[in-house]
Structures are given as C-alpha cells and as structure tokens.
Amino acid sequence: MSNYSGANDAARQDPLSQLKWLVDAGADEVMGEAPVNRFKAAPPAPPTPEPLTDKATPATPPRPSVGAAMRPTGELIKNAQGLAQECQTLGELREALSRFEGCGLKQTAHSTVFADGNPKAELMLIGEAPGRDEDREGRPFVGRSGQLLDLMMAAINRDRSSEDPKTSIYIANILPWRPPGNRNPSLEEISLCLPFLKRHIEIAQPKILLALGGTAAKHLLETPTGIMKLRGRWAKVATKDGEIDCMATFHPAYLLRQPGQKKYAWADLLQVEQRLQQK
Ligand code: URA
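> Explain the pairing of strand β6 (residues 242–249) to me, please; I cannot follow it from the model alone.
A regular strand carries its side chains on alternate faces of the sheet. Burial within β6 is extensive, with six of its eight residues counted as buried. Looking at chain direction, strand β4 (residues 208–212) and β6 are connected through five bridges and run parallel. Looking across to β6, one finds that Leu209 is bridged to Cys246. Sheet topology note: the strand β5 (residues 234–239)/β6 ladder contains six bridges and is antiparallel.

> So what exactly am I meant to see when it comes to helix α9 (residues 214–221) here?
Given 3.6 residues per helical turn, the α-helix brings residues three or four places apart onto the same face. Counting buried residues in α9 gives six out of eight residues, a clear majority hidden from the surface. Restricting attention to buried positions, one finds in α9 the residues Thr215, Ala216, Ala217, His219, Leu220 and Leu221. Where α9 is buried, its residues touch β2 (123–127), α8 (187–204), β4, α10 (227–230), β5 and β6. At the exit of α9 stands Glu222, carrying a positive phi of roughly 50 degrees.

> Help me understand the packing of helix α4 (residues 90–99) against α8, please; the structure alone is not making it clear to me.
Packed helices, taken two at a time, are described by the angle between their axes plus the distance between the axes. Between α4 and α8, whose axes approach to 10 Å, the crossing angle comes to 170 degrees. One finds that α4 runs roughly antiparallel with respect to α8. Facing Leu90, Leu93, Ala96 and Leu97 of α4, the residues of α8 in contact are Phe196, Arg199, His200 and Ile203. By residue class, the composition of the contact of α4 with α8 is six nonpolar, one polar and one charged.

> Sorry if this is basic, but what is going on with the site of the ligand here?
Taken together, the neighbourhood of the ligand is formed by Gly127, Glu128, Ala129, Pro130, Glu134, Pro140, Phe141, Ser145, Asn173 and His251. At a separation of 2.7 Å, an oxygen atom of the ligand approaches a polar backbone atom of Glu128. Here an oxygen atom of the ligand sits 2.8 Å away from a polar atom, N or O, in the side chain of His251. Expressed as a share of its isolated accessible area of 240 Å², the protein-covered part of the ligand is 93%. Cavity membership is defined here by more than half of the atoms lying within 2 Å of grid points; on that basis the ligand lies in the largest pocket. Taken together, the residues of the shell around the ligand sort by class into four nonpolar, four polar and two charged.

> Whenever I open this one, the packing of helix α7 (residues 144–155) against helix α12 (residues 262–278) confuses me. Can you help?
Relative to each other, α7 and α12 sit at 50 degrees, their axes nearing to 10 Å. With respect to their mutual orientation, α7 and α12 come out oblique. The chirality of how α7 crosses α12 is right-handed. In contact with Leu148, Met152, Met153 and Ala155 of α7, α12 contributes Lys262, Ala265, Trp266 and Leu269. The residue makeup of the contact of α7 with α12, split by class, is seven nonpolar, no polar and one charged.

> How should I be thinking about the nonpolar core in this particular structure?
The nonpolar side chains of a soluble globular protein tend to be buried with one another. Of all hydrophobic cores here, the largest spans 65 residues; its most connected members are Leu123, Leu125, Ile126, Met153, Phe196, Leu210 and Leu220. For this core, the element with the most residues is α8, which contributes nine residues. Excluding its chain neighbours within four sequence positions, the residues that come into contact with Phe196 are Ala80, Leu83, Ala84, Leu93, Ala96, Leu97 and Phe100.

> When you look at empty space enclosed by the protein in this model, what are you seeing that I'm missing?
Empty space among the atoms can be located by rolling a probe the size of a water molecule over them. All chains considered together, the criterion is met by one cavity of 30 Å³ or more. Of the voids in this model, the largest cavity is the one considered here, and its volume is about 90 Å³. As for the largest cavity, its lining consists of 13 residues, of which Leu97, Asn173, Pro176, Leu197 and His200 are closest to the centre. Counting residues per element, the ones that place at least two in the lining of the largest cavity are α4, β3 (170–173) and α8. A total of four residues in the lining of the largest cavity trace back to one element, the largest contributor, which is α8. Class assignment for the residues of the lining of the largest cavity results in eleven nonpolar, two polar and no charged.

> How should I be thinking about the sheet that holds β3 in this particular structure?
Taken in spatial order, the six strands line up as β1-β3-β2-β4-β6-β5 in an open sheet, and their pairing is mixed. The open sheet has two free edges, formed respectively by β1 (116–117) and β5, since each of these has just one partner strand. Where β2 lies against β4, four bridges are found, and the strand directions are parallel. Bridging from a neighbouring strand, Ile126 pairs with Ala211 of β4. Those strands touched by α9 are β2, β4, β5 and β6, and its axis lies near 135 degrees from that of β4.

About the criteria used
Residues numbered from 1 in each chain as written. Predicted model: local features only at pLDDT ≥ 70, side-chain atom pairs only at ≥ 80, totals over all residues. Heavy atoms only, no water. Buried < 20%, exposed > 50% of the residue type's maximum accessible area, 1.4 Å probe, protein only. Helix = DSSP H or I, 4+ residues; strand = E, 2+ residues; numbered from the N terminus. Pairing = 2+ DSSP bridges. Contact = heavy atoms within 4.5 Å. Axes fitted to C-alpha atoms, helices over the stretch in contact; angles between N-to-C directions. Parallel < 35°, antiparallel > 145°, perpendicular 65-115°, else oblique. Nonpolar A, V, L, I, M, F, W, Y, C, P; charged D, E, K, R; others polar. Near = heavy atom within 4 Å. Polar contact = N/O pair within 3.5 Å; in protein donor to acceptor, adjacent residues only side chain to side chain. Areas by Shrake-Rupley, 256 points an atom, 1.4 Å probe, with all protein chains shown as cover. 1 Å grid on protein atoms, 1.4 Å probe; cavity = no way out; pocket = protein on both sides within 12 Å on 5 of 7 lines; lining within 4 Å. Sits in = over half its atoms within 2 Å of the grid points. Left-handed = near helix turned anticlockwise from the far one by under 90°. Core = buried A, V, L, I, M, F, W, Y, C linked by side-chain atoms within 4.5 Å. Points joined across faces, edges and corners; volume = space filled by probe spheres on them.

All we've got here are geometric facts, nothing functional implied.
Okay, structure coming up:
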C-alpha cells in the first residue's frame, strides 16, 4: 500500500511510540509485573472468593500487597493500628506510612500523599483518595477538584497556605495512595489505611472536621448512610482524646459535575464557619 501505511507500521514497531499511544489513550498506570495476553482463552474460573461487602465493583480488582502476601487482613489492620498508635508526631506518622507495606495500593502509586495545608489549622478536611494529579505531585487536591476546593475555602476566608490556624485549612484523604485508574477503593484497602488517618486526626487535633463526599463521610462517621442524608448535619468523630465535631458535604468532584448542588455545599460551609467562630 502507500508510504503512509509503511510509516504507521514503523511507528507501531517503535516502543516509544507504542508507549506514547498507550499514555494518550489513558493507560498511564502499571497494573502488574507481567504482560497479560487478553486474546488468549480465559483460564478456568477460580473458586468464588468471599463476597466484597463494598458497593464498588472495581474495574481493576484490588491486588494483594506483596509485603503482606498471605497475611490475613485482620492481622494487617492490627499491624497498621499498632504502627499508627506508636506515632507521636506528624513526621513520625508520615514515616510510618512510608514503611507500611500492608496495602497493595502503595505498589501502583507514585507517591504517598500525606497531607497539605497548615497542620495547626482549626479546620481539617478529609477527602477520599488522590487522583492522577495528586499522585504526581504528592499533595492532596491539586487537580481540578482541588481548584474548586480552594475557591470554596476562599469563600469562607480560608487558604491552605495561610499560617494562621483561624484562616487556614489542613487536608488529608482516607487513602494516601491513588487507586489505579481512579477505581473505587475496596473496603479492605480503606480498613488498612483508616488507622493512619485516625491517628493523623488525633495528632493534628483540629476543632472541626469536614468530610468531603460519601466515602470520607461514611468511613469517618462509621455509618452506611449516604452523603445525601449525611451532609449538612453535625456528627461526632470519636478519638482517643474525646470527640470532634464533623460536618459532611459534597465532594468538589461531584460539584464540578453537578454545579446546581453548590448551594448546599455553601450552606454546609457557612455552618462550619459559624461553629468555628463559636469555639
Ligand atoms: N479527590 C480526593 O478525594 N482527594 C484528592 O486528594 C483529590 C481528589
């Protein structure tokens, strides 16, 4: 045929062009150690695993962590709790997370996204998990939803770069590692990371917590109730040192898709600010 197809063939053989084509198509994560030939006939189905109690049906199934191979989840969670509880400072907690090999998400993530903002802030925000931009930068909420979050915070006179606890915010996520392809995290992954977040909150000692979105709200408040019912109401998060007032609101990523819901988030933020003024 024409030269055109010859040029295409050459490009197809070139590993760099192949890689660029994959990245442009959105395949920007390494999902496994060995290539999988998906044209080969599927092997016989393995025995049915324990049902996931999570609502999510992940596009990419969570993989067991290498460091933790064959160790029961309960044991790994206990290990996470022990490691987290030993930490007395945020520096120690960050270090403990970087040593923790119990959660498989760490193997596919580029960074451990610990936190951003002012750790002394009165208001601590909890999101769900880093996305692609956050994974690349190693900071939470730096992508599109982060930009909206910054605008939302500016509307209540708060700024993550402020040094004043009264005008700043501190931000962390339920998960410090990006789930590959932004799939929903499994319950197991969340349970393995929660001990670190709980200790994070205990050490930071914010006056108020703001849960962003359904996943953060459900797991912070330990309830199966959805965000539509949880948002706009005060609840308590129990810590070793007492209880912290917690408000849930919509996740900025949801507000980007549903701008008509911003008025509810605004009402939630006003409640938060009002209560902070009273503390
Ligand atoms: N969404 C989150 O929940 N957290 C982030 O850090 C970024 C996007």
